[in-house]
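Residue strings, one per chain:
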Protein chains: 2
Amino acid sequence: VHELDLPTPALVIDAARFEANLATMADAHPGPRLRPHVKAHKCTALAREQAHRGHRGFTCATPLEVVGMARAGLGVDLLLANETVDPDRLRAMAEAPDAIVTVAVDSDATVEAAAAAGIRHVLIDVDIGLPRCGCRVDDAGRLADLARAKGMDVRGVMGYEGHLMMVLDRVEQRAKVAACVDKLMVAHAAVGGPVISGGGTGTYDLHDRLTEVQAGSYALMDTHYAKLGLPFGQALSILGTVISSSADWAVADVGLKSLGMDHGNPSMEGYAVRFCSDEHVTFTRLDDGAALPKVGDRVRVWPAHVDPTMALHERAHLVRDGDVIETWAIDLRGW
Amino acid sequence: VHELDLPTPALVIDAARFEANLATMADAHPGPRLRPHVKAHKCTALAREQAHRGHRGFTCATPLEVVGMARAGLGVDLLLANETVDPDRLRAMAEAPDAIVTVAVDSDATVEAAAAAGIRHVLIDVDIGLPRCGCRVDDAGRLADLARAKGMDVRGVMGYEGHLMMVLDRVEQRAKVAACVDKLMVAHAAVGGPVISGGGTGTYDLHDRLTEVQAGSYALMDTHYAKLGLPFGQALSILGTVISSSADWAVADVGLKSLGMDHGNPSMEGYAVRFCSDEHVTFTRLDDGAALPKVGDRVRVWPAHVDPTMALHERAHLVRDGDVIETWAIDLRGW
């Protein structure tokens, strides 16, 4: 099937760019130096491609991602880099087949819930500057002691400098990232263990003290991350069909229900996106752009944020030279 | 099951508010005067409640919604208020079981595609001011003639004044809506047929010339529509669990993947939402607000836009006095 014959909206992955992204990252962080983040794609078939490049440990954001990866045979070393106190989901992760599961903890409550559910491995999640999860640096050692007292293996620490991903000045970004990692190293000194985990696509090349980087967006990218000028290409787009066209604008069937919108409107080459509705994108000509397409023509829409975009689709099509070579289920949606 | 025992994030519908919303709208637009828009909820169980209130015709935005409604036994009078030229999907709608399907058309291409696929009924979709779909007013009669020449029944016209939904000054809004309906009436004079369809929740009470109103958001509402002060209550919220809590902020498991974000951040009573990540909402205390909750506590998050929020969830729970009385599949997702 040619990509232009897919029913629309169709989520498509450019195989050449995707493979180049995986190769570039595997060069920078070979094997276990990268723990790819599954939340960016929620797709075991895509994760399998990352595993083929040597990355056998994965980062997850939800228990469903952890259990789904285990069931897909990708459970060698799964990290839930997020907190949960849900006893059923913790137990499901502890009992996931053929899997080693490590869970992030940042409080007494999360340590106790993990221990009670039979979780065997934890990482101490440390607040290194992003106001989200993570314990205080000076509380990390105490939490590690608590976890060990409850019989769990403490594998080390993690921290996510998510607030620094989009710092455009790389000198400034490098300095700020170093200050965050300083904090993580202080916590690690108190916690111990072999793992120091953190980072993301926007800071992937600024880490030499972490034992592993948690990047996810690098595989598919989006217009938001593209602003950083990283050596990863936008591999993910959405094909739409023009359903209405007037003298001044045209409309394609790619709307809010096929696009993560938290980073704003998507982009279209040669056109200006005016606004999105539930099932529509209205776009106009650029002054020097192409003529508006006619009804039935296909157009390509570039999402601004890959992660929530993937979460809206049931499947993605891998395309090489216009031909659909594989169709992947986005099988890790939900919680 | 009590709603506070649901695994989170959990999409919940307050039964009392939902029923009041349905009653208020059924009073204003009884029976066929309202054609509820399915895109706002994508849920056949919820649509059945609307049908129980006397509204047996429905508005849809995607062919999948049309076919799904027909399969659920709700196909008495289904309108695809949107354009498509997909021959397979048009045929699926034409062959939907026990259904009368009407499709919006606004161009030669959409008329021809509908006729070729065996669609029997069309509405002429007219541009009345929103830069999206719809033919020019002065082209509506010609398109109706073309559709009739191809053997299709032209039931009338539709137009959507979506650009006026959020006009806060009601006097201004009324005048602008009237000008839009003026255009639709001109088109209708050229087209003929019994149906003049349009409107939405934000303008539901400003229509006396339409034969039917297409409102959808009124049933569940969101923080965006709540700004209008309409007599519909916010019935849709997302329950989350606090997974991390510090001195200055707390984090719950309700993020970008459970919230339509195109209208901005969600709201939380008593707290200020600071930002959302894929699986997190970080929130702080208001100056005069409640203390931050502790890990394991449940919190309620109010989405800013109902339609894309529904599209991210597999199910919604109908809750009365805290108890889950029904769980509805959101079974019309996708295209």
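All values derive from a computational prediction rather than experimental measurement.

### With respect to the pairing of strand E12 (residues 280–285) of chain A
All names here are of chain A.
Here is step 1: Among the six residues in E12, five count as buried, and that is most of the element.
Here is step 2: As paired strands, strand E11 (residues 271–277) and E12 are joined by six bridges and run antiparallel to one another. Note that in E12 the partner of Val273 across the bridge is Phe283.

### Focus: the pattern of salt bridges
Opposite charge on two side chains allows them to pair when their charged atoms are near.
Here is step 1: In total, this model carries 40 salt bridges over all chains according to the counting rule given.
Here is step 2: Here Lys42 of chain B ties to Glu279 of chain A by a salt bridge, and the two come within 3.9 Å at their closest N and O atoms. In this pair, Lys42 of chain B sits in the loop between helix H1 (15–28) and helix H2 (44–52) while Glu279 of chain A sits in the loop between E11 and E12, so the two residues belong to two different chains.
Here is step 3: Judged by relative accessible area, Glu279 of chain A falls into the buried class, the value being 4%.
Here is step 4: Lys42 of chain B is the partner of Glu65 of chain B in a salt bridge, and the nearest nitrogen-oxygen pair spans 2.8 Å. With Glu65 of chain B in helix H3 (residues 63–71) and Lys42 of chain B in the loop between H1 and H2, this residue pair connects regions lying 23 residues apart in the sequence.
Here is step 5: Judged by relative accessible area, which is 2%, Lys42 of chain B ranks as buried.

### Some details on the packing of aromatic side chains
All names here are of chain A.
Here is step 1: Within the structure shown, the criterion is met by eight aromatic pairs over all chains.
Here is step 2: Between the aromatic rings of Tyr204 and Phe232, the centroid separation amounts to 5.0 Å while the plane-to-plane angle is 65°, which identifies the pairing as edge-to-face. Of this pair, Tyr204 sits in the loop between strand E7 (195–198) and strand E8 (212–213) while Phe232 sits in the loop between helix H8 (223–226) and strand E9 (236–245), placing them 28 residues apart in sequence. Of the two residues, Tyr204 and Phe232, both sit in the buried class.

### Points about unusual backbone geometry
Peptide bonds are mostly trans, and most non-glycine residues show a negative phi.
Here is step 1: In the segment running from Thr8 of chain A into Pro9 of chain A, the intervening peptide bond is cis, with an omega of -5°.
Here is step 2: With respect to the helices, strands and loops of the structure, Pro9 of chain A is situated in the segment before strand E1 (10–14).
Here is step 3: A positive phi angle, near 55°, is found at Lys42 of chain B, a position not held by glycine.
Here is step 4: Non-glycine residue Asp98 of chain B carries a positive phi angle of around 50°.
Here is step 5: You can see Asp98 of chain B is positioned in the loop between helix H4 (87–94) and strand E4 (101–105).

### Examining the interface of chain B and chain A
Here is step 1: Across the boundary between the two partners, chain B contributes 50 residues, which contact 50 residues of chain A.
Here is step 2: The interface formed by chain B and chain A contains four salt bridges.
Here is step 3: Across the pair Asp278 of chain A and Lys39 of chain B runs a salt bridge, and its minimum N-O distance is 2.6 Å.
Here is step 4: Inspection of the chain B/chain A interface yields 18 residue pairs in polar contact (both at pLDDT 80 or more).
Here is step 5: Of all the elements in the fold, those that place two or more residues in the side of chain B that touches chain A are helix H5 (108–116), strand E9 (236–245), strand E11 (271–277), strand E12 (280–285) and helix H9 (306–310) of chain B.
Here is step 6: A breakdown of the residues in the side of chain B that touches chain A according to their chemical character gives 19 nonpolar, 16 polar and 15 charged.

### A word on the sheet that holds E8 of chain A
Residue and element names in this part refer to chain A.
Here is step 1: One open sheet holds the seven strands; their spatial order is E2-E3-E4-E5-E6-E7-E8, and the pairing between them is parallel. Where the open sheet ends on each side, the last strands, each with one partner, are strand E2 (57–60) and E8.
Here is step 2: Across five bridges, the pairing between strand E5 (residues 121–125) and strand E6 (residues 153–159) is parallel. Residue pairing across strands places Val122 opposite Val154, the latter belonging to E6.

### Regarding the pairing of E4 of chain B
Residue and element names in this part refer to chain B.
Here is step 1: In terms of burial, E4 is a largely internal element, five of the five residues being buried.
Here is step 2: Because side chains alternate across E4, one face comprises the buried residues Val101, Val103 and Val105, and the other comprises Thr102 and Ala104, equally buried.
Here is step 3: By the bridge criterion, three bridges tie strand E3 (residues 77–80) to E4 in an arrangement that is parallel. Across the sheet, Leu80 pairs through a bridge with Val103, a residue of E4.

### Examining the environment of Asp169 of chain B
Residues and elements named next belong to chain B.
Here is step 1: Along the chain, Asp169 turns up in the loop between strand E6 (153–159) and helix H7 (170–191).
Here is step 2: Taking the C-alpha atoms as reference, Asp169 lies 9.2 Å from Leu228; in sequence the two are 59 residues apart.
Here is step 3: At 3.0 Å, the side chain of Asp169 and the backbone nitrogen of Glu172 are in polar contact.

### Observations concerning the nonpolar core
Here is step 1: Of all hydrophobic cores here, the largest spans 97 residues; its most connected members are Ile13, Phe18, Ile124, Leu220 and Phe283 of chain A.
Here is step 2: With six residues, helix H7 (residues 170–191) of chain A is the single largest residue contributor to this core.

### Looking at the relation of the copies chain B and chain A
Here is step 1: Placing chain B over chain A gives an RMSD of 0.0 Å and needs a rotation angle of 180°, together with 0.0 Å of translation along the axis. Interpreted geometrically, this transformation is the action of a two-fold axis.

### Points about the side chain of His317 of chain A
Residue and element names in this part refer to chain A.
Here is step 1: By secondary structure assignment, the location of His317 is in strand E14 (residues 315–320).
Here is step 2: Reaching out from His317, the side chain makes a polar contact with the side chain of Thr327 at a distance of 2.9 Å.
Here is step 3: For His317, the contacting residues outside a window of four places in its chain are Leu6, Ala10, Leu11, Val12, Ile13, Val324, Glu326 and Thr327.

### What to know about the sheet that holds strand E5 (residues 121–125) of chain B
Residues and elements named next belong to chain B.
Here is step 1: Within the open sheet, the seven strands sit side by side as E2-E3-E4-E5-E6-E7-E8. Their pairing is parallel. Among the strands making up the open sheet, the edge pair consists of strand E2 (57–60) and strand E8 (212–213).
Here is step 2: The strands that helix H6 (residues 140–149) touches are E5 and E6; relative to E5, the one it contacts most, it runs at about 165°.

### Some thoughts on H7 of chain A
Residue and element names in this part refer to chain A.
Here is step 1: Taking 1.5 Å per residue, 22 residues should reach 32 Å; H7 reaches 30 Å between its end C-alpha atoms and fits that length.
Here is step 2: Residues of H7 that are buried: Gln173, Val177, Cys180, Val181, Leu184, Ala187, His188 and Val191. The buried side chains of H7 occupy one side of the element, clustering within an arc of 105° when seen end-on. Among the exposed residues of H7, those oriented more than 90 degrees off its buried face are Val171, Val186 and Ala189.
Here is step 3: For H7, the elements touching its buried residues are E5, helix H6 (140–149), E6 and E7.
Here is step 4: One side-chain oxygen at the N-terminal end of H7 lies 2.9 Å from the backbone nitrogen of Val171; it belongs to Asp169.
Here is step 5: Following H7 by one or two positions, Gly192 has its phi on the positive side, about 80°.

Rules and cut-offs
- Residues numbered from 1 in each chain as written.
- Chains lettered and ligands numbered in written order.
- Predicted model: local features only at pLDDT ≥ 70, side-chain atom pairs only at ≥ 80, totals over all residues.
- Heavy atoms only, no water.
- Buried < 20%, exposed > 50% of the residue type's maximum accessible area, 1.4 Å probe, protein only.
- Helix = DSSP H or I, 4+ residues; strand = E, 2+ residues; numbered from the N terminus.
- Pairing = 2+ DSSP bridges.
- Salt bridge = Lys/Arg side-chain N within 4 Å of Asp/Glu carboxyl O.
- Phe/Tyr/Trp six-rings, centres within 6.5 Å; stacked < 30°, edge-to-face > 60°.
- Contact = heavy atoms within 4.5 Å.
- Polar contact = N/O pair within 3.5 Å; in protein donor to acceptor, adjacent residues only side chain to side chain.
- Nonpolar A, V, L, I, M, F, W, Y, C, P; charged D, E, K, R; others polar.
- Core = buried A, V, L, I, M, F, W, Y, C linked by side-chain atoms within 4.5 Å.
- Least-squares fit on C-alpha atoms with pLDDT ≥ 70 in both.
- Axes fitted to C-alpha atoms, helices over the stretch in contact; angles between N-to-C directions.
- Expected span 1.5 Å × (residues − 1).
- Arc of directions from axis to C-beta.

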